[in-house]
Amino acid sequence: MNRYTLHETFVVHQYSIGEWEAEPHNHNYFEIIFIEKGNGYHTINEIRFPYKKNDIFLLAPEDTHHFEIEKRTSFTYFKFTELLFSSKVNLPDRKYWLQRIEQLLHQPNIIPGDVISHEEDRNIVWDIHNVVLEEFKNEKVYYQEIISNAISTILSIIVRNITEKYNSNQKNIPVTHSKIDLILSHIRQHVYDNDLTKINYLAKKFNMSQSSISTYFKRKTGESIHQYVTKYKMKLVEYRLQHTEFTIAEIAYQLGYTDESHLTKTFKKHFSMSPKQYRKDLSISN
């Protein structure tokens, strides 16, 4: 099975191979990779992990990966872009879904490897995988909505497992490059709550003084914590302007701005136009 559909926002690839010939590479879409059978090694962002039957991997657009196959392996790939969850598809609780998918949008894997920690979750995801394959193959009425909601559910379960891994792994991490990844991941996960991205909170969470975490962050990223949070929020604003029908006031509320004018002022500094003008120009270009 190798077919484009859903306006090329969702693709299913299935194949069985005994040798991996592709070079390490990344993509401009997300991939959920299901290991139907076989074993070997999967390298994600230069971190090598063994893989086996029933493992599940999630690759974000910035991830680089390749496989080393020891025993002939059957793969199923779900490849999709965030447009699968755009306002053109009726997805319930869209605001809360966006918060989950945006955790994965602008960052590579911080905890690569098999993304499922609990076997009951693994069973659920594989059952949904089977539903998606059937809907994709048969294209019955409402199949697009069913696939969109099924992928949403799979990603919600994956985010739950990744978050649990992150919270268990972040304790007692020495001040190394891995610690800046954890700080950045925390900011991305909690960017909607201003209190959880303030310097005093971050310093306490990562066992550092406010001055030392500020200096460390600036040395590792070239930006202050405030600058990074603001730029990241602007990415999310831009994404929501492009792919949702939320009003500017709704977006401001969702991302913790006091009001629409505050968001508009910040947006103008980064894009040299207001959010309304940005959306208008986008509509014209489309």
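Here the structure is shown first, and the text comes after it.
Right, let's walk through the structure included here. Just so we're clear, the structure is a prediction, and the values are computed from it rather than from any experiment.

### What about the overall build of the protein?
- Counting its regular elements, the protein contains ten helices and six strands.
- Within the protein, the proportion of its 286 residues that are buried is 48%.
- Working note: accessible area of the protein is about 14600 Å², and carbon and sulfur atoms make up 49% of it.

### Focus on helix H9 (residues 260–271)
- Look at H9: 16 Å from first C-alpha to last across twelve residues, which is about the 16 Å you get at 1.5 Å a residue.
- Restricting attention to buried positions, one finds in H9 the residues Leu-263, Thr-264, Thr-266 and Phe-267.
- With its phi angle positive at about 60 degrees, Ser-272 sits one or two positions after the end of H9.

### Overview of the pattern of salt bridges
- All told, the structure shown has nine salt bridges when counted by the stated rule.
- In this structure, Arg-122 and Glu-119 form a salt bridge, with 3.2 Å as the shortest nitrogen-oxygen distance. Of this pair, Arg-122 and Glu-119 both sit in helix H2 (residues 119–138), three residues apart, which is roughly one turn of that helix.
- On the accessibility criterion, Glu-119 (46% relative accessible area) is partly exposed.
- A cluster of three or more residues bridged by salt bridges with shared partners is formed by Asp-114, Glu-119 and Arg-122.

### Things to note about the nonpolar core
- Ile-183, Ile-187, Phe-217, Val-237 and Leu-263 are the most contacted members of the largest nonpolar core, which has 31 residues in total.
- Elements supplying a minimum of two residues to this core: helix H4 (177–189), helix H5 (199–205), helix H6 (210–221), helix H7 (225–243), helix H8 (248–254) and H9.
- With eight residues, the top contributor of residues to this core is H7.
- Apart from residues lying up to four places away in sequence, Leu-263 is in contact with Met-234, Val-237, Ile-248, Ile-251, Ala-252 and Tyr-257.

### Overview of the packing of aromatic side chains
- If you walk through the whole model with that rule in mind, you get 19 aromatic pairs.
- Ring geometry for Phe-67 against Phe-75: centres 4.8 Å apart, planes inclined by 55 degrees, an arrangement best described as tilted.
- Between Phe-267 and Phe-271, the ring centres sit 4.3 Å apart and the planes meet at 20 degrees, which makes this aromatic pair stacked. With Phe-267 and Phe-271 both in helix H9, this residue pair falls four residues apart, about one helical turn.
- Members of the aromatic cluster, connected to one another through ring pairs, are Tyr-15, Trp-20, Tyr-51, Phe-57, Phe-67, Phe-75 and Tyr-77.
- Above the face of the Tyr-41 ring, Arg-48 is positioned so that its terminal group lies 3.7 Å from the ring centre.
- In this structure, Lys-233 is placed above the aromatic ring of Tyr-257, and the distance from its NZ or CZ to the ring centre is 4.9 Å.

### Side note on H6
- When the terminal C-alpha atoms of H6 are compared, their 16 Å separation across twelve residues agrees well with the 16 Å that a helix rising 1.5 Å per residue should span.
- Among the residues of H6, Ile-213, Tyr-216 and Phe-217 are the ones counted as buried. End-on, the buried residues of H6 take up no more than an arc of 100 degrees, which puts them together on one face. Of the exposed residues in H6, the ones pointing more than 90 degrees away from its buried face are Ser-211, Thr-215 and Arg-219.
- One or two steps after H6, the chain reaches Gly-222, where phi turns positive at roughly 80 degrees.

Rules used in this analysis
Residues numbered from 1 in each chain as written. Predicted model: local features only at pLDDT ≥ 70, side-chain atom pairs only at ≥ 80, totals over all residues. Heavy atoms only, no water. Helix = DSSP H or I, 4+ residues; strand = E, 2+ residues; numbered from the N terminus. Buried < 20%, exposed > 50% of the residue type's maximum accessible area, 1.4 Å probe, protein only. Areas by Shrake-Rupley, 256 points an atom, 1.4 Å probe, with all protein chains shown as cover. Expected span 1.5 Å × (residues − 1). Salt bridge = Lys/Arg side-chain N within 4 Å of Asp/Glu carboxyl O. Core = buried A, V, L, I, M, F, W, Y, C linked by side-chain atoms within 4.5 Å. Contact = heavy atoms within 4.5 Å. Phe/Tyr/Trp six-rings, centres within 6.5 Å; stacked < 30°, edge-to-face > 60°. Lys NZ or Arg CZ within 6 Å of the ring centre and 35° of its normal. Arc of directions from axis to C-beta.

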